[in-house]
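# Remarks on the overall topology
Residues per chain, in single letters:
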Amino acid sequence: MESYLTLLVFFLIALTVALLVPNINLITNKFLKIDKANREKFEPYECGIPKINPIKGSYFAIFYVVALVFLLFDLETVFLFPWAVSFRKLGMLGIAEAFLFITILLVGFLYAIAKGALKWD
Amino acid sequence: MELNVGLLSPEILLTGIAVFMILLDLITPKRFKNKLFSVISSVAVGVAIILTLSKISPIPQKAFNGFITKEAFTGIIDILVLFSGLFTVLVSHDFIERKKISYIGEFYYTLLFVLVGAMLLAGSSELSTLFVSLEVASISTYILMSLFKGDYRGKEGALKYFITGSVGAALLVYGMAVLYGLTGTTLYGEIAQAAEKLSPLPLLLAAGLIAAGFLFKTGAVPFHGWMPDAYEGAPTPVTLLMGSAVKVAAFAAFIKLFIPIFYHFQAEWEKALGVIAVISMFSGALLALNQRNVKRMLAYSAISHTGIIIATFLSSPALTVFSVVFYLFAYTFMTVAAFGLITILSANGIKGEEIESWKGLYSKNPLLSLSAVAIFMSLAGIPPLVGFWGKFYILLALVKSGEVLLAVSVLIASLISLYFYLKPVVYIFMKEGTGEKFIPGAGEYVATIVSTAAIVIFGLLPEVIAQISIMGLSSFLRSLT
């Protein structure tokens, strides 16, 4: 029974931390900030330079696509490390499965290339 | 080590075809895409149906060291998922012809991935397999919802579904983690053996979190916030798939996980689940009363139906499995027919979703109007249609296990829901309307009429579904021992 009590306490602590951490800066800001409202405060970027024109239209977002393609190879590595460690135990089946896995990933990579995800213009 | 890969041949076939379609999509010229991919995916789903039918056996079979267990119960759910997938392909062909979409190939192979995820979800008998297949089905659904060009309602719905669905998945994983921490294994059978010796308090924590995850996916009331927006926003064929395939598979997985592990202390949680069931069926029915948009109305009615299905969990395990399989069988065909009908009627843009544009449909298309009567009356549970028998067996199960109060609330909720199910019928037959003419596509017409015919025929011959459900039940019970 005691061990379950630990579990409950852990759950409560996790809940408190989860609620506290994202909001801690909001809470401290309430007390620490110097409250002087002026027009510049409401600009999208508070960098000191007056804005030239309002932000409209689309902007270059290729970084997201590149990050997504990077994720593909990241995952590949994550899965291949444990596979490489237990390579001898897995035998022929392990090799076949790894090839299947990489083939499916390659299809995704081919798709990304064909759709121009890596074209930088 | 026993792999038994052959058991998963329908899933492997669908995955293979889908991966092949990714490559084919890159070299096909745009004007052939819709026709080619709809033919390929419907043939693939058809072959998968035949493969699944040939593999159904009352003896439970295991694959991948017990990670997947396929009984007749799973087989029935797989067939339902695949049938709704087939109807979705038929409906989407005509839908895509009319709408602007630059991702035709993507639509069809993501649809196949939803089916694979849903089938694995129904088959999984291990926690991590369950989670991965649930995510395959859900993430593919989010993608499908947001693929259409300029459809900001769909993108909004997808984002809402994505955020709430992630919260649900997080709850589910927390529950799984607790369960794993308690028992030290992820296989259902071993968890069930270990769980019998544990005290109910920590198990209740796991049960609560896992149930919350599944209730998110099936849309019971405290977790129903995403349902109306997602159902209304999604393109109608995708709503059809969400309402039938994903929901049916989620219920199957819920049963497969819940009955072996948590049923031995039913007395501890049945009150909570009963309250959720009653609140869901009433709030679904009451909120639907005032909707002008038929898709939104059907979303609220889906919440009400979820409540009715969850009410069954309070009876004994055998009665639960039997009546839930029966109800899901009926519910799949009703959902497919209802959303197929809406797809046909929205041929001229968004209008067919508004109930005003259903005025005077009878003078334009008598067959569709009559099938609309069958569909909505079946959803309300009027005999001799199949929806009646589904509700009948649920009521029987509840009364047999002494839950009379719950049975009465199911009855009252159905009575309330009759009002909003009659509303489209009134608009079709009793209001004069002008509206433009519409020409339904062949695929969506076939899908709607065939599933309406299934509603009527199975309503006249309920013993067919009853026999199938009993087969599912017996093989499910055999897999527990």
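So, how was this worked out
- Each chain has its residues counted from 1, running along the sequence as written.
- Following the order in which they are written, the chains are lettered starting with A and the ligands numbered starting with 1.
- Given that the model is predicted, a residue must reach a pLDDT of at least 70 before its local features are reported, and side-chain atom pairs must reach 80 or more before they are shown or counted; all residues, however, enter totals for whole chains, interfaces and linings.
- Strands here are runs of E lasting at least two residues and helices are runs of H or I lasting at least four, both read from the DSSP assignment and numbered beginning at the N terminus.
- Exposure classes come from backbone-placed C-beta atoms, where a residue is buried if 20 or more other C-beta atoms lie within 10 Å of its own, exposed if 12 or fewer do, and partly exposed in between.
- Computation of the radius of gyration draws on C-alpha atoms alone. For the globule rule, the value is 2.2 Å times the number of residues to the power 0.38.
- Each residue after the first adds 1.5 Å to the expected span of a helix.
- Note on terminology: a nonpolar core is any set of buried Ala, Val, Leu, Ile, Met, Phe, Trp, Tyr and Cys residues joined through C-beta atoms within 7 Å.
- This entry defines residue contacts through backbone-placed C-beta atoms, with two residues in contact when those atoms are within 7 Å.
- In this classification, Asp, Glu, Lys and Arg are treated as charged, Ala, Val, Leu, Ile, Met, Phe, Trp, Tyr, Cys and Pro as nonpolar, and every other residue, Gly included, as polar.
- Inter-axis angles, ranging from 0 to 180 degrees, are taken between N-to-C directions of lines fitted to C-alpha atoms, where helices are fitted over the stretch in contact.
- The labels follow the angle: roughly parallel below 35 degrees, roughly antiparallel above 145, roughly perpendicular from 65 to 115, and oblique for the rest.
- Left-handed describes a crossing whose near helix is turned anticlockwise from the far helix through less than a right angle; right-handed describes the clockwise counterpart.
- Here pLDDT means the predictor's own confidence in every residue, given as a number from 0 to 100.
- When we speak of the arc, we mean the arc of directions from the helix axis to the C-beta atoms.

### Remarks on the overall build of chain A
Assigned secondary structure in chain A consists of three helices and zero strands. In sequence order, the secondary structure elements of chain A are arranged as α-α-α. Residue burial in chain A is summarised as follows: out of 121 residues, 0% are buried.

### A closer look at the overall build of chain B
When helices and strands are tallied, chain B shows 19 helices and two strands. Over its C-alpha atoms chain B spans a radius of gyration of 21 Å, differing by no more than 12% from the 23 Å that the globule rule assigns to 481 residues. Principal-axis analysis of the C-alpha atoms places the extent of chain B at approximately 70 × 55 × 40 Å. In chain B, buried positions account for 58% of the 481 residues.

### Some remarks on unusual backbone geometry
Excluding glycine, a negative phi dihedral is what most residues carry, and trans is how most peptide bonds are arranged. Residue and element names in this part refer to chain B. Cis rather than trans, the peptide bond between Pro383 and Pro384 has omega equal to 5°. Position of Pro384 relative to the elements: it lies in the loop between helix H15 (366-380) and helix H16 (386-400). Even without glycine at this site, Asn4 takes up a positive phi of about 55°. Using a count of 14 C-beta atoms within 10 Å as the deciding quantity, one classes Asn4 as partly exposed. The phi dihedral of Phe64 falls on the positive side, at around 50°, and the residue is not glycine. Looking at the element boundaries, Phe64 is found in the loop between strand S1 (61-63) and strand S2 (68-70). Looking at Phe64, the number of C-beta atoms within 10 Å reads 18, which means it is partly exposed.

### Some details on helix H13 (residues 317-345) of chain B
With 29 residues, H13(B) should cover 42 Å at 1.5 Å per step; its first-to-last C-alpha distance of 41 Å lies within 8% of that length. Of all 29 residues that make up H13(B), 26 are buried, and the element is covered over most of its length.

### Some remarks on the nonpolar core
In a soluble, globular protein the nonpolar side chains are often hidden away together inside. Residues and elements named next belong to chain B. Grouped together as the largest cluster of nonpolar side chains are 175 residues, with contacts concentrated most on Val81, Leu112, Leu115, Ala118 and Ala249. At 20 residues, H13 tops the list of elements feeding residues into this core. Ignoring sequence-local partners within four residues, the contact set of Leu112 consists of Leu14, Ile17, Ala18, Ser41 and Ala44.

### With respect to the interface of chain A and chain B
With eight residues of chain A at the contact, the number on the chain B side is seven residues. Listed by contribution, the elements that provide at least two residues to the side of chain A that touches chain B are helix H1 (2-32) and helix H3 (87-114) of chain A. When residues of the side of chain A that touches chain B are assigned to their parent elements, the largest contribution, five residues, is made by H3(A). Tallied by class, residues from the side of chain A that touches chain B come to eight nonpolar, no polar and no charged.

### A few points about the packing of helix H6 (residues 152-183) of chain B against helix H8 (residues 200-218) of chain B
All names here are of chain B. For the pair H6 and H8, interaxial distance at closest approach is 8 Å and the crossing angle is 155°. By the angle class used here, H6 and H8 are roughly antiparallel. Handedness of the H6/H8 crossing: left-handed. For the contact of H6 with H8, the residue count by class is 17 nonpolar, five polar and one charged.

### As for the environment of B:Asp25
Residues and elements named next belong to chain B. Residue position: Asp25 is located in helix H1 (residues 9-27). For the pair Asp25 and Asp229, spaced 204 residues apart in the sequence, the C-alpha separation amounts to 31 Å. In this structure, Asp25 is in contact with Gly105 and Glu106, ignoring residues within four places of it in sequence.

### Concerning the confidence of the model for chain B
Should the pLDDT be low somewhere, the predicted coordinates at that spot are not to be read in detail. Residues and elements named next belong to chain B. The share of residues in chain B with pLDDT of 70 or more is 98%, and the mean pLDDT across the chain is 91. Ranking the elements of chain B by mean pLDDT puts helix H14 (residues 361-364) last with 83 and helix H5 (residues 127-145) first with 95. For this predicted complex, the interface confidence score (ipTM) comes to 0.77, while the overall pTM stands at 0.89.

### Points about the confidence of the model for chain A
Counting all residues, the mean pLDDT for chain A is 82, and 88% of those residues have values of 70 or more. Confidence, read as mean pLDDT per element, is least for H1(A) in chain A (83) and greatest for H3(A) (89).

### A few points about the environment of B:Gly165
Residue and element names in this part refer to chain B. Assignment of secondary structure puts Gly165 in helix H6. Judged by the 22 C-beta atoms lying within 10 Å of it, Gly165 is buried. Spatially, the C-alpha atom of Gly165 lies 10.0 Å from that of Phe214, the residues being 49 residues apart in sequence.

### Details of helix H7 (residues 188-195) of chain B
Residue and element names in this part refer to chain B. Looking only at H7, the buried set comprises Tyr188, Ile191 and Ala195. The arc enclosing the buried residues of H7, seen along the axis, measures out at 60°, which places them on a common side. Buried positions along H7 lie against H6, H8 and helix H10 (236-262).

### A few points about the environment of B:Phe37
Here B:Phe37 lies in helix H2 (residues 30-55). For the pair formed by B:Phe37 and B:Lys364, sequence separation is 327 residues and the distance between their alpha carbons is 32 Å.

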